[in-house]
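Okay, here's what each chain looks like letter by letter:
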Amino acid sequence: MKKNVMTRESMIKQLKEKGLKVTPQRLAIIEVLLENKDLHPGARLLYKEAKKKKKSLSLSTTYATLNELSRHGIIKTLQFDKMEDRYEENLEEHINLICERCKKILDYNVSIGLDQREVAKKTGFSITDTRLEYYGFCRECREEEESGKG
Ligand SMILES: [Zn+2]
């Protein structure tokens, strides 16, 4: 499986293809998302960082932009019960490793190798989305925990 790396240019291309205007606000949000993709940032962090690039950006515009990008399949929204929505640009098959302590989300790129067409054929279930998550503790949090004990 070839990894499709998202760049600022490929995101702009997608905006244009989907008939979305390339506004400075949208660009600022996209840039910040790409710069912080390892964090899978939420809207508040994206807003805070994107505002440094584009002063006129508002929180409501940030939410609206993220919804729009997500609705058009340019990025993916991860919704959770107990923490704010997070956003990712990695649309390839992968596992999200979610730290229960610092709420960091790491990507583990792996081909799951499950044939979705086969699942659909056997069950009559039409798959529209997939999400794979492992919960636990990241390296930094584990090290902190261990040093705290010693
Ligand atoms: Zn952590």
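Residues numbered from 1 in each chain as written. Predicted model: local features only at pLDDT ≥ 70, side-chain atom pairs only at ≥ 80, totals over all residues. Heavy atoms only, no water.

**Student:** I tried to follow the pairing of strand β4 (residues 105-109) on my own but got confused; where do I start?
**Tutor:** Within a regular strand, side chains alternate between the sheet's two faces. The sheet contact formed by strand β3 (residues 94-99) and β4 spans 5 bridges and is antiparallel. By the bridge assignment, Ile95 is partnered in β4 with Tyr108. Remark: 5 residues form the turn of the hairpin made by β3 and β4, two consecutive strands paired antiparallel; Lys103 in that turn has positive phi of roughly 65°. (Pairing = 2+ DSSP bridges. Helix = DSSP H or I, 4+ residues; strand = E, 2+ residues; numbered from the N terminus.)

**Student:** Sorry, what's going on with the nonpolar core here?
**Tutor:** In a soluble, globular protein the nonpolar side chains are often hidden away together inside. If you look at the biggest cluster of nonpolar residues, it comprises 19 residues, and the most contacted ones within it are Met11, Leu66, Ile74, Ile75 and Tyr87. Here the element with the most residues in this core is helix α2 (residues 24-35); it accounts for 6 residues. Residues within four places of Met11 in sequence aside, it is in contact with Met6, Ile30, Leu34, Ile74, Ile75 and Glu89. One finds Leu78, Met83, Ile98 and Ile105 within the second-largest nonpolar core, a separate group that totals 5 residues. (Core = buried A, V, L, I, M, F, W, Y, C linked by side-chain atoms within 4.5 Å. Buried < 20%, exposed > 50% of the residue type's maximum accessible area, 1.4 Å probe, protein only. Contact = heavy atoms within 4.5 Å.)

**Student:** Where do I start with the coordination of the zinc ion in this structure?
**Tutor:** Think of it this way: four donors in a tetrahedron around the metal ideally sit 109.5 degrees apart, and six in an octahedron ideally sit 90 or 180 degrees apart. Taken together, Cys99 (SG), Cys102 (SG), Cys138 (SG) and Cys141 (SG) make up the protein donors of the zinc ion, found 2.2 to 2.4 Å from the metal. Geometry at the zinc ion is tetrahedral, judged from its 4 donor atoms and the angles of 101 to 116° they form at the metal. Read N to C, the donor residues that coordinate the zinc ion are spaced as C-x2-C-x35-C-x2-C. Judged on exposure class, the residue Cys138 and its partner Cys141 are both buried. (Donors = N, O, S within 2.8 Å, 3.2 Å for Na, K, Ca; no water. Tetrahedral: all angles 85-135°; square planar, octahedral: opposite > 155°, others 65-115°.)

**Student:** Got a minute to help me understand unusual backbone geometry in this structure?
**Tutor:** Note on backbone geometry: most residues besides glycine have negative phi, and most peptide bonds are trans. One non-glycine residue with positive phi stands out, namely His40, at about 50°. Looking at the element boundaries, His40 is found in the loop between α2 and α3 (43-53). The backbone of Lys103 shows a phi angle near 65°, a positive value even though the residue is not glycine. By the secondary structure assignment, Lys103 is in the loop between β3 and β4.

**Student:** Honestly, the environment of Gly136 in this entry has me stumped. Any pointers?
**Tutor:** Within the secondary structure, Gly136 sits in strand β5 (residues 133-136). With sequence-adjacent residues up to four places away left out, Gly136 is seen in contact with Ile98, Cys99 and Glu100.

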